[in-house]
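Topology and contacts: notes
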Amino acid sequence: MAKKLTLLITIAFSIVYTKSYSQITIHEKNVEIQKIFKSIEQQSKFTFLYDSKDIKDVPNITIDVDNASIQDALSQTFKGLSLTYKIIAQTILVKQEPKKPENLPPGPAQQKKGMLFIKGTVMDQNLLPLKDVMIKELKLGFKTLSNAMGDFTIQSGTSGTIVVSAPGFAKQTISYADTTFLEINLQKDGMESIDLSEVQIQRLNEIKANPTKFINMENRNYMNLAQVLQGTIPGLSLQIVNTSVKTVTSVDAYVYRDGNTPVLAFRRFSVEDFLAREGRVQGQKIIDLLLKGSNVPKAITDLYHINTITTVTNVLVPEIRGANNFGSNTSNMLVVIDGFPQDGFPANYPMTNVESIEVIKDPKELIKWGSRAAGGAILIRSKAAKAGRLDINYSANFYYAPAPAYNREKLKLANTATYLEYLNDPGLSLNNGATPFGVSPAKQLVSQKRLNQITQAQFQTQWDSLARLDNESQVNMLQQNSFTQNHGLTVSGGTKAYKFTGMANYITGQDNSLGSKKSEYTFGLNNNFSLLKNKLNIRWLVNFSDAKNKSGYTLSPTNLGIDPYQMLLDDRGNYVYDYTVLSADANKKIVGLGYKDYGVNLLQDARINDLSSRVINKQSNLNLSWQLLPGLSFATSFLYKHRNTNNRTLYAAESSYSRQLVDRYGQLSSKGVNFYVPYGDILQESDRIYEELNLRSALSYSKVFGKHSIGVTLGGGAAAVSSSSPANTALYGYNSSTKTSTPVYLPTYPSTNAAITNFYSLFAGASSTMYPNGLTQPLSGDTSVNRNLNGNLSLMYGFANRISVSGSYLNVLNPLYGQSAKYSTQKSYSGDVTGRIVKDWNSVLKDVLISVGTTGIKMPDLPAQYSNRRYLQTYFNNYTIWVNGATPTQQQGQSSKLIYQKLALALADSSLVINGAYNTQTNQGNLETNNTVNAKSNETRKLNYLSGGLDLFLRKKLLNFHLNYGRSPEGESQYNGSFNYNIARESYFKSNTINDLEVSALLQDISAYQGFSIMTATNIATGGSFSQATNSDFSQLPAASKIFELHGKIGLVDNKYSMDLRYYDQNSAGVSNNLSVLTDPSTGLSTQVSYSSITNRGIELFMNANLVKTNNFNYNITLNGALNRNIAKNVPITRFTATNSYTTVAREGYDVSNIWSTKWAGLNSEGDPQIYDKNGNITATIDSATIASSLFYQGVTKAPYTGGLIQEVRVKQFFARVALTFNLGYVMRYYLPYPGYDGENSSLIADRWRNPGDEQRTDVPKISSSGSNSYREFVTRYSSNGILPADNIRLQEVMLGFSLPNNYLKKYGLSYFVMTFQVQNLAYWAKNKYKIDPATISQDGRIGSPLAKIYSCNISVNF
Amino acid sequence: MTMYKNALFFLLVTCSLLAVQGCNKFLDISPPTSNVNPTTVKDFQEMLNGDSLSKCHFFLLDVMSDDLQYSDAQTTTSSNYYLRGYLWGDPIWNPSDDDVMYNSTYSRILQMNIITDRINAAPADAYNTPENKSLVLSQALINRAFYYLQLVNAYGSAYDPGTSLTDPGVPLVLSASGNSLPPRASVARVYDQVIADLKAAVNNPYLKSKGSDVIHPGKSSGYALLARAYLYQGDYVAALNYADSTLALESTVLNYNSSSYKNLTQLPDLVGNPEILLGRITVDLEFYAFNKATVLPSTTLTSTLTTSDLRYSKRFVAPSRFQPAVYTAASGNSMVLDNSIGVPEVMLIKAECLARMGSFAQAAALITTLRQNRLTTSAFAAEKRTYTADNTLGYVLDERRRELYYHGGLRLFDLKRLNKEAAFKKDITRTKYNSTIVLATLPAGSGRYLVPFSPTVIAANPNITQNPR
């Protein structure tokens, strides 16, 4: 009986530790066991093998499991039966319980001690965990499979042999003795199938894989990407950064003139066109700055606005470790799905078909992904198809978000009464002359009154009629409710030789901006071929999408464009025009002469204009590995991307744009108006084609003959990225149905290029010439092509473990514009000869190796870059180049060469390895990456130094320590090291509660040149295929990075409770050219390039408690928190200027989001602002010296404490999830008005100081005429009274879901059905006294529209 | 198997050979067409095409002169740098005001510095002929000299042989490296550079009299700028010499009577005007934005001009019962002012030099020619003037004011230099509109003639010393 029990326990344990993730749901009462078997077979990949004799006498069974693992299902099934079962590969062998278990070695000692188990992890050579690897204990005959994290547990003896095998990997046999843990690395065998080649990870000193970087997908397939990330990755917080930090759809830039037509208005550009207009470097810089939203120079915020799609779903942005670079758009991480980098963050990406998610934080790995991944990378791998089985999954998501209410009171905006009262204050300097141009109706009235053009009575009548109007409710018509649906269908299947996964996706819907509409089809096909007896393996991914998007009117509450009394519709529903540009009287005059009405109505324009775009994407990725001959293999990787973007702006004839344009080109003649532009719709259409090709191939040969082994790899690659847009002209009088337009008329005398005069000449003191010919000139198109070629060679020779010779050479050629050479060359090389002069000498000194070798890197010689814009001047009909920025060139032919002689000693049975080397480094040119002016110099520097390293492998390699000292290619001292100790796996460590305990530390230093080498090395084939990161741009050196990390984790009660704690201190230093600085007085440029560094320091905490876990009830709590500080170093000193940007400028030693202010001391009895000076005395003397000396630190505007609390509950078929996020320890700006400017629209102006005594109740000073940009304005708007705590906790999400029980599933022929309901942005708690949601606050403290509540429903079905 | 191997080897060799050949072709591509790191002669030619080079921001200098006045409404408007400049206030700049005049001029100088830095390293190609190369350099130097001559007169004292070696001028940036913090070079040093650059530029056999359009300077504008610089230095012999050189190339004056001359609204309006040697305009957006109105001519300007002068009637709206005369606004939202280098200015330089040297009859002839083209036919016919050795210089200077008001500071520069002569020095005052109530006075030779540096400029380059007020 005891033996029987033992066996059962054994099985039970094996079951627990051989988790597999098939989800099995069975609800049966009193049925035959075969029926259960069949049901399990249907829901999993397992088949049962049994002798019918054995189960003849088995009683009927009742079973009730939901979404259980195979093991759980089996244990339920076999509970209490006299049957045993064993899982072998995908077969479940069922047997009558043996009378005498022969497998167990007999002996009372064994029985007393109980079972012995070995735990372990299986990984591939890249340290990626391997799932479903078969682990077999030879002596005892137990078998098990590894789980998704590569973990396994198997019963063992005190010593024995384990065989590990998995398809595509070389079988490995491991002998063990007195150990409880095995770490197994499988090598791909010759017949390998190529898998999705993730980034190859080159680890310095065998740095361990970050244990938290793979997300456990168990029971998470009903979630979306945001939900999965939120509760699983320490330090990763999903934050609502602002209402609009998402995908940039277009950019509005202030256009002074279009050729020769004065525009003086914002005009919308597609991102591509904007980049073409501003220059790629400069344009991207502007977009990144605006997306980042902090420290944006005024010169940029004044002239550019970005429009982003706040798709209902995209309100979360993942952030890891805060900003680690000044320049990059820190809040975004790069998401790569099956090898295709995504634009933006697909928060809603469903996890139904996801095999694994990997989060990369290691700077060394991130370098490979280029600048887009500066904030981290998330790699998502879809489930692979299974041979001989067709899987079909359908999922649908529905989202609804009501339009956020426009409420002036909540937005702190002045209503009609407040605004008019302020405007009519005699103290307000309002000088509008008698001009009919550019003055709002209310200002016209006030001016007319002041100039005595109307009587007080006339004024009052008209003023009162304005005062009765308020457009608050009508403004809500400028928004719409958002509704989006997303349908996805995935089909996978195939044979052994060919497997496929096909995906189709359809998204349609509208967001909150009025008139918006989108629809998108996506098709994808992942093909895997395994041909020629597995000698040729191909993975071919194809992706096609067609997206149509009509962008609507985006309501900007603080910048509406009309005053509160200006209505959109009158009582009868007719449009009411705004006559600010041209006064109503003047408009009447020109309309009387035959001109079109010059008025503007936002609602009309939003309804009738059509700004739409269509993007067609074609992408393909082919990876091929071919075993040509024994020893000879060929690998190639080919990436193709094609994107066709069509942007179309159709201004309807009735729109203000069309009417005004026609009027401006209308010349008054005796017979009426002579219109040079035909009246009608106006179409502006542009196309852009983006194409990217990246081909990399390598041929490898390796052979062993006798004691000799040789290996040769020859590789090459080419990349071409092109983007082009043909020149286009606007079409006037466009007819959408016939697709025809009417030409623009041209003057005949004296030439067609002559000027005409328009209606301005009707008004005294105004004149204007227009050149109709300019309208016929095409807007300049553009083409940009980037290419490079690379070649690499590596050689290896080895002799009987005695001598090894290796060498490599890598060359990248980039086109060079404007130099005598056609291309620039950058190269790196290495060579090494190592001989083992002592082998297995004695137990003290085991081996002695000596080596000589060389490494080197040489930069291309590139000219200094001036960012600029080249464009066609329509009037002069020629191109011009305008330089608007300068970027230092870090690559000017410098080189670094190292020659070393090295001695390595392996001591004490190889548990201690020490090495030392004598190095000679020759550097040519200036390698200082902090050189921002000129790196060119002929200086040669020779450096001799000693380097060394120490490696300790103790406690059966459970305690490892590495430390190396050397110098970077730049000649800087470097320490690299790591330490890790896996205490829980120690044989002495015996605890029933603690099952996982590990500590580790890391010291990593990557110089800019080393980072550069990592980037270029992504072109080299490793491990039989190519890494996925494609770098086609090597123009800038990556930032140098230094990191120190301490990490500890503990798991209790079989990981029921787990905790992970990490401290990090990372410093990255590089060229940053986006710091907000004053205009450079010697070049007039407003951005300054500087070499700066940023220190990220923080703690990440992750706690998970699986409080209840039974078959029917599961309750899990996750607490995820981080403390992060980003300290600026080596930033240029910005001297005091009384500007908003000065209060937030990067300061040495302070957080990059620091904010400073003067200390507010209230108003004095004259209504003037007062501050505390540096001595703490109240003063109303506000001058440069007083303010500059009394500014003090107010805190940070980015939360240092962030985190989330997630609770998950599962009751039978139902599950629920509640996510709370918190942001603590930071402040925000609260907008304070500065009375004195006639455009002020804050509701707080009603509280302005008017009479002595008012200073008791208000902080808003009296109206002043000192003008803008004054010290008075500075202290009024940017003192401490405008700084509020921004701490907030929000109920981010509540989700309810259920999965369909088995009996229903069967009825409909399904294998899986899950439905969820969610609400996002349900509630928030904010610490500030006004209860303003900090997530809606803009940089200057204005309040934006409230975050929309999003209601959604998701359905996922498997057939 | 052997055949397979051979075929494979052949394939590899062919591929690698093709690759080597294809390398050059693959990498020989044009750069992006929408942004080009300027390196070649063709790029520099394109840089010189920019109409921004002709669009300047010197209106503040006109506001500080005695040629305009503010209405009462304009003087009581919310304080701004134009108003403070009008009243020669201290300060002119509010703490965070950007000095657009300063920054935009240096950004134009940067464009020219890139050309002068790189022209000698331009790769040999079809465009890199000695002619193209020297033309690019000459035009860059003339443009740069124009900007520096403006800057030194705006921020520095009038040239004085006695003190200019030490009088601070403006930072002299002659190479395109940014973020250097140069102190102010002396006025004399800036003048030396301007004159040296101009002389180098005109000493070019390929340089034609006029450029391909109003944006491109030709030899005539180089001579004209030399004449202007020497005049400001008080070197009347050299000024006369270069004025003559200019007029020998270009001497056409536009007759305002017969032509359809209209006040400027944009740069192309200068095209076709024969007297323009180098087109320069100032488009002022903020003045109109601040005041929602244009400027009023000062009473002294109005009385000098008289209403029969077409330079008045074509640019100002005649006063009405409700409104004084005002400058016409372009497109209802800005003021566009002509800052060009033209034949009339050169004629006036010549006339001034002649008058000062005693050749009053020749000077008078020049003035007469100019007035014939500027006054209405009847007014010119009615004009009875007797030019004498004593009065001619006065006539010339008056005519200079009439011709060059609102011309990018030329009147302010004249006031500064003439204040050094006892005969012409005067204090100017600001009064309330139509009143004698004085708002501000600017004594002759006052330091407040100089534009102060904005606090943002000084914060960015502390080596710049502020002009004392």
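Our subject is the structure that appears above.
Conventions used here
- Residues numbered from 1 in each chain as written.
- Chains lettered and ligands numbered in written order.
- Predicted model: local features only at pLDDT ≥ 70, side-chain atom pairs only at ≥ 80, totals over all residues.
- Heavy atoms only, no water.
- Helix = DSSP H or I, 4+ residues; strand = E, 2+ residues; numbered from the N terminus.
- Buried < 20%, exposed > 50% of the residue type's maximum accessible area, 1.4 Å probe, protein only.
- Contact = heavy atoms within 4.5 Å.
- Areas by Shrake-Rupley, 256 points an atom, 1.4 Å probe, with all protein chains shown as cover.
- Patch = residues over 30% accessible without salt bridge, like charges linked within 9 Å, V, L, I, M, F, W, Y side chains within 5 Å.
- Salt bridge = Lys/Arg side-chain N within 4 Å of Asp/Glu carboxyl O.
- Phe/Tyr/Trp six-rings, centres within 6.5 Å; stacked < 30°, edge-to-face > 60°.
- Lys NZ or Arg CZ within 6 Å of the ring centre and 35° of its normal.
- Axes fitted to C-alpha atoms, helices over the stretch in contact; angles between N-to-C directions.
- Parallel < 35°, antiparallel > 145°, perpendicular 65-115°, else oblique.
- Left-handed = near helix turned anticlockwise from the far one by under 90°.
- Nonpolar A, V, L, I, M, F, W, Y, C, P; charged D, E, K, R; others polar.
- Polar contact = N/O pair within 3.5 Å; in protein donor to acceptor, adjacent residues only side chain to side chain.
- Pairing = 2+ DSSP bridges.
- Core = buried A, V, L, I, M, F, W, Y, C linked by side-chain atoms within 4.5 Å.

Focus on the overall build of chain B
Counting its secondary structure elements, chain B contains 19 helices and 14 strands. A total of 469 residues make up chain B; the buried ones form 61% of that total. Restricting the contact set of chain B to residue pairs at least 6 apart, pairs at least 24 apart contribute 71%. Within the structure as shown, chain B displays about 16800 Å² of accessible surface, and the carbon and sulfur contribution to it stands at 57%.

A look at the overall build of chain A
Looking only at helices and strands, chain A has 23 helices and 63 strands in total. Relative to its full complement of 1359 residues, chain A shows a buried share of 57%. Put simply, 68% of the contacts in chain A that link residues at least 6 apart link residues at least 24 apart. Element-wise, carbon and sulfur atoms account for 55% of the exposed surface of chain A, whose accessible area totals about 55900 Å².

Observations concerning a nonpolar patch on the surface
Residues and elements named next belong to chain A. A cluster of nonpolar residues, Leu 963, Tyr 975, Leu 1003, Phe 1044 and Leu 1046, forms a patch on the protein surface that exposes about 410 Å² of accessible area. Relative to the helices and strands, Tyr 975 is located in strand E47 (residues 973–982). For Tyr 975, a relative accessible area of 46% puts it in the partly exposed group.

What to know about the packing of aromatic side chains
All names here are of chain A. Under the definition given, this model contains 53 aromatic pairs over all chains. With centroids separated by 4.3 Å and ring planes inclined at 15°, the aromatic side chains of Tyr 1230 and Tyr 1330 adopt a geometry described as stacked. With Tyr 1230 in the loop between strand E59 (1227–1229) and helix H22 (1271–1277) and Tyr 1330 in the loop between strand E62 (1312–1326) and strand E63 (1350–1358), the pair connects residues that are 100 residues apart, well separated along the chain. According to the relative accessible area criterion, Tyr 1330 is partly exposed, its value standing at 34%. A cation over a ring is seen here: Lys 596 above Tyr 679, with NZ or CZ 4.1 Å from the ring centre.

Regarding the packing of helix H10 (residues 236–249) of chain B against helix H14 (residues 343–357) of chain B
Residues and elements named next belong to chain B. H14 packs onto H10 with a crossing angle of 140° between their chain directions and a minimal axis gap of 9 Å. In terms of axis orientation, H10 runs oblique to H14. With respect to the hand of their crossing, H10 and H14 are arranged in left-handed fashion. Mapping the contact onto sequence places Tyr 236, Val 237, Ala 239, Leu 240, Ala 243, Asp 244, Thr 246 and Leu 247 in H10 and Val 343, Val 346, Met 347, Ile 349, Lys 350, Glu 352, Cys 353, Leu 354, Arg 356 and Met 357 in H14. For the contact of H10 with H14, the class distribution of residues is 13 nonpolar, one polar and four charged.

Here we look at the interface of chain A and chain B
The interface is formed by 90 residues belonging to chain A together with 91 residues belonging to chain B. Across the chain A-chain B interface, the total number found is one salt bridge. Its salt-bridge partner being Glu 46 of chain B, residue Arg 870 of chain A comes within 2.6 Å of it at the nearest N-O pair. In this assembly, chain A and chain B are joined by 18 residue pairs in polar contact (both at pLDDT 80 or more). For the side of chain A that touches chain B, a count of residues per class yields 42 nonpolar, 39 polar and nine charged. With two bridges connecting them, strand E35 (residues 766–767) of chain A and strand E10 (residues 329–330) of chain B associate as parallel partners. Within E10 of chain B, the position partnered with Ala 766 of chain A by the bridge is Ala 329 of chain B.

Structural notes on the environment of Asn 758 of chain A
Residue and element names in this part refer to chain A. Looking at the secondary structure, you find Asn 758 in the loop between strand E34 (756–757) and E35. Given a relative accessible area of 1%, Asn 758 falls into the buried group. As a C-alpha pair, Asn 758 and Val 673 span 85 residues in sequence and 9.2 Å in three-dimensional space. Residues in contact with Asn 758, not counting those within four places in the same chain, are Tyr 595, Asp 663, Arg 664, Gly 666, Ser 768 and Met 770.

Concerning helix H3 (residues 70–78) of chain A
Residues and elements named next belong to chain A. Counted residue by residue, H3 has seven buried out of nine residues, so it is predominantly covered. Turning to H3, its buried residues are Ile 70, Gln 71, Ala 73, Leu 74, Gln 76, Thr 77 and Phe 78. The first or second residue beyond H3 is Gly 80, which carries a positive phi of 80°.

A look at the side chain of Ser 1007 of chain A
Residues and elements named next belong to chain A. By the element assignment, Ser 1007 lies in the loop between strand E48 (994–1006) and helix H19 (1008–1016). Judged by relative accessible area, Ser 1007 falls into the buried class, the value being 7%. In contact with Ser 1007, not counting residues within four places along its chain, are Ser 968, Pro 969, Glu 970, Gln 974 and Ala 1040.

With respect to the sheet that holds strand E6 (residues 281–284) of chain B
All names here are of chain B. Pairing in this open sheet of three strands is mixed, and the strands run E1-E6-E11 from one edge to the other. Strands with a single pairing partner mark the edges of an open sheet, and in this sheet they are strand E1 (55–56) and strand E11 (335–338). Pairing of E6 with E11 involves four bridges; the strand directions are antiparallel. Looking at E11, one finds that Ile 281 is bridged to Asp 338.

Points about the environment of Ala 121 of chain B
Mapped onto the fold, Ala 121 of chain B is located in the loop between helix H6 (100–118) and helix H7 (130–155). Spatially, the C-alpha atoms of Ala 121 of chain B and Thr 40 of chain B are 8.4 Å apart, while their sequence positions differ by 81 residues.

Some words on the sheet that holds strand E19 (residues 340–341) of chain A
Residue and element names in this part refer to chain A. What the four strands build is an open sheet, ordered E19-E18-E21-E20; its pairing is mixed. The sheet is open, and its two edges are formed by E19 and strand E20 (354–360), each paired on a single side. Inspection of the sheet shows E20 paired to strand E21 (residues 377–382) by six bridges, in the antiparallel sense. Along E21, the bridge assignment pairs Ile 357 with Ile 380.

What to know about the environment of Val 1294 of chain A
Residues and elements named next belong to chain A. Mapped onto the elements of the fold, Val 1294 is located in strand E61 (residues 1288–1299). For the pair Val 1294 and Asn 1321, spaced 27 residues apart in the sequence, the C-alpha separation amounts to 8.9 Å. With residues near it in sequence (within four places) discarded, Val 1294 still touches Arg 1217, Val 1218, Phe 1317, Gln 1318, Val 1319 and Leu 1322.

Description of the nonpolar core
Judged by nonpolar contacts, the single largest core of 131 residues is most densely connected at Phe 59, Tyr 148, Tyr 155, Tyr 406 and Val 451 of chain B. Of the residues forming this core, the biggest block, 14 residues, is contributed by H7 of chain B. In contact with Val 451 of chain B, other than residues within four places in its own chain, are Leu 60, Leu 61, Met 64, Trp 93, Met 101, Ala 154, Tyr 155 and Asn 467 of chain B. Core analysis: the next-biggest nonpolar cluster, separate from the first, contains 28 residues, Tyr 406, Leu 555, Leu 1284 and Ile 1332 of chain A among them.

Section: unusual backbone geometry
Note that the residue after Asp 90 of chain B, namely Pro 91 of chain B, is joined by a cis bond; omega there is 0°. By the secondary structure assignment, Pro 91 of chain B is in the loop between helix H5 (81–86) and H6. Look at Asn 1321 of chain A: it is not a glycine, yet its phi comes out positive at around 55°. Assignment of secondary structure puts Asn 1321 of chain A in strand E62.

A short note on the packing of H7 of chain B against helix H8 (residues 187–202) of chain B
Residues and elements named next belong to chain B. Between H7 and H8, the shortest axis-to-axis distance is 8 Å and the interhelical angle comes to 155°. Between H7 and H8, the angle is such that the two are roughly antiparallel. The two elements H7 and H8 meet at a crossing, and its hand is left-handed. For the pair H7 and H8, contact is made by Ser 138, Leu 141, Ile 142, Arg 144, Ala 145, Tyr 148, Leu 149, Val 152 and Asn 153 and by Val 187, Val 190, Tyr 191, Gln 193, Val 194, Asp 197, Leu 198, Ala 200 and Ala 201, respectively.

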